[in-house]
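Letter by letter, the chains look like this.
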There are 2 protein chains.
Amino acid sequence: MNRLFLPADNAVERALQGLALTHPDLLELHRDPLYLTGRRRNPARRVGLVSGGGSGHEPLHSGFVGPGMLDAAVPGRVFASPHNRQIHEASKKAAGPDGVLHIVKNYTGDRINFGIAAERLRADGIPVRRVLVDDDLATDDASTATGRRGTGATVLVEKLLGGAADTGLGLDELADLGTLFADASRSVAVAARAQTSPSRGGEAFELPDNTLEYGVGIHGERAAEALPNPGLEDLVAHMTDQVLGALPHAADSVLLLVNGLGATTLLELQAVHALVCEALDKRGVHVAGRLVGTYVPALDMSGFSLTLTTLGAGWLDFWNSPAHTPAFTVLEPTR
Amino acid sequence: MNRLFLPADNAVERALQGLALTHPDLLELHRDPLYLTGRRRNPARRVGLVSGGGSGHEPLHSGFVGPGMLDAAVPGRVFASPHNRQIHEASKKAAGPDGVLHIVKNYTGDRINFGIAAERLRADGIPVRRVLVDDDLATDDASTATGRRGTGATVLVEKLLGGAADTGLGLDELADLGTLFADASRSVAVAARAQTSPSRGGEAFELPDNTLEYGVGIHGERAAEALPNPGLEDLVAHMTDQVLGALPHAADSVLLLVNGLGATTLLELQAVHALVCEALDKRGVHVAGRLVGTYVPALDMSGFSLTLTTLGAGWLDFWNSPAHTPAFTVLEPTR
């Protein structure tokens, strides 16, 4: 059975239309080609921040357009990269006086399409650089030519870059900093049930009873193996240790994302969050900022992911700087 | 297979602990008995707003505690009413100089437990009144002694009451107004797959392929009949007409809630939202305020609900007044 309610061909366009209706003060919808831009930005910002990728991961990226985060988001069809023409047009519209920074999750299609768009922007005389997000430790294997997948860390990198861009940094400084943000981030994801296949209905893959797909991707990419469910406390402790162990720099102070993969309830995610905090506390790691909710799902997959970013000097200010997007609000400090 | 990651007995307490860790500036967790209170409130507010009910519907109610909305939330176990002692203690803590208003979804257990707590509060000398939310038109049947169930409209009523309370209204004015808000609201819900049973795993009820449970409740209460899926556009048009037809007053200007029941993606909900707006526009109904997302789910059910509230004079100001809670932010108007 198909448990999705997607209208046939124009699901993504309709959904963006719905989102723009919800936030007319924040978002402007462009239809040909399809992309979203923000209506407001901090006047100090010199670089437009543009991200995008396949749909089915909402609120990523469209829900993060607004002052303090992205200037434009470019959606592909479900689990498919956007066309370079969409990225090119969105980037022209969103460019600042110092150009455009592309925030790209590490998938071949996205790299290619953002790459072609970047060439076209350079031909237009618009400076452009790229930050590649590649946080998924399940794909950290020297035998994989494409490298680690980009997953949950994208939200953290987009928020940090938004805060940094609002300080008035130039393109090269921002791109270098963004690469540091991405390098300092690792994630792992676990699923108890696959997402519904939007094309044929039913579960995109089958898991035996009481078995977890450990190291699953946000498009339902299978893990190396399915594991018996060890119980939530042991699972969370193991995930915490694995992510901590994969971070390139010692994690004294971190940003934490506990992310739902679609069908996992807030009740579960907050319970997982409490367990992660206990595990981090025992290991002497301070959580300086956090986000708990469904931010980078894989359609309606049952599962969750854990992301940690080791904080560098000054980064917490970028995290805490004001932002107002459909899915993310940080208020101005109370006067 | 159990697709939930709930830790055995203390899921609700752990989740509240996680939520309080996420929002230490907004929330204070009380453990014996278990409830949440807000750390800040508008000094003009004279009445404490307290809501609660079974868990499994998050962000309802815990995610709506904060300035501009609730002063306390009281969680029961999954799909079970809280104990009157929790409600009594939370109400004492949250009471304003004019007392406490209880916002209660119309279920027998909640009515009884909030009722006992109200008696105890009166014995303590604390004035208390109740607003009963009963919006679900699928249960609008003279043969049902308990009346209509309370579902999605609860969020709209809680926000409207928060805005009204912040104008400094007294208890009786606020209770009477809240009853008007609830009376002006109707909802209907549809499911394509039941939630996971937290006790035994697996789907709480079975639906044949390509069949919808039309008129389902937020605890998985079955509808009178399962219907063949007519396709999303026809389904939305039918739901819109049915809710409009059930509203007691002519709907010129409405608040709209498009609510996910758990496993339904934002992509779907925003596409549904765009279709609802088209349908309302055709029928000459103006949407003055809206909320689109997973606000009152039934654990991980696949489906969505549609709620409309006919706006009375001055109510839009209550809707638009500033609020800051984990799940709901309305910024101060830009200066």
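What counts as what
Residues numbered from 1 in each chain as written. Chains lettered and ligands numbered in written order. Predicted model: local features only at pLDDT ≥ 70, side-chain atom pairs only at ≥ 80, totals over all residues. Heavy atoms only, no water. Axes fitted to C-alpha atoms, helices over the stretch in contact; angles between N-to-C directions. Helix = DSSP H or I, 4+ residues; strand = E, 2+ residues; numbered from the N terminus. Parallel < 35°, antiparallel > 145°, perpendicular 65-115°, else oblique. Left-handed = near helix turned anticlockwise from the far one by under 90°. Contact = heavy atoms within 4.5 Å. Nonpolar A, V, L, I, M, F, W, Y, C, P; charged D, E, K, R; others polar. Domains from an automatic or database assignment. Buried area = accessible area lost by both parts, 1.4 Å probe.

## Looking at the packing of helix 4 (residues 153–165) of chain B against helix 5 (residues 171–183) of chain B
Residue and element names in this part refer to chain B. As a packed pair, helix 4 and helix 5 sit with axes 10 Å apart at the nearest point and diverge in direction by 150 degrees. Between helix 4 and helix 5, the interaxial angle falls into the category roughly antiparallel. Between helix 4 and helix 5 lies a crossing of right-handed hand. Facing V157, L160, L161, A164 and A165 of helix 4, the residues of helix 5 in contact are L174, L177, G178, F181 and A182. For the contact of helix 4 with helix 5, a count of residues per class yields 9 nonpolar, 1 polar and no charged.

## Observations regarding the packing of helix 6 (residues 232–246) of chain B against helix 7 (residues 266–282) of chain B
Residues and elements named next belong to chain B. At a minimum axis separation of 9 Å, helix 6 and helix 7 run at an interaxial angle of 55 degrees. Between helix 6 and helix 7, the crossing angle belongs to the class labelled oblique. At the point where helix 6 passes helix 7, the crossing takes the right-handed sense. Residues L232, E233, V236, T240 and L244 of helix 6 pack against V272, L275, V276, A279 and L280 of helix 7. Residues that form the contact of helix 6 with helix 7 fall into these classes: 8 nonpolar, 1 polar and 1 charged.

## Looking at the domain arrangement of chain A
All names here are of chain A. Each domain of chain A was delimited in the assignment, giving domain 1 (11–183) and domain 2 (185–320). Relative placement of domain 1 and domain 2: their C-alpha centres are 22 Å apart. Contacts between the two partners involve 33 residues from domain 1 and, on the opposite side, 31 residues from domain 2. Here domain 1 meets domain 2 over a buried area of about 2,700 Å², counting both sides, of which 68% is carbon and sulfur. Per-residue buried area on domain 1 facing domain 2 is highest for F79, L137 and L156; these three make up 23% of the total on that side.

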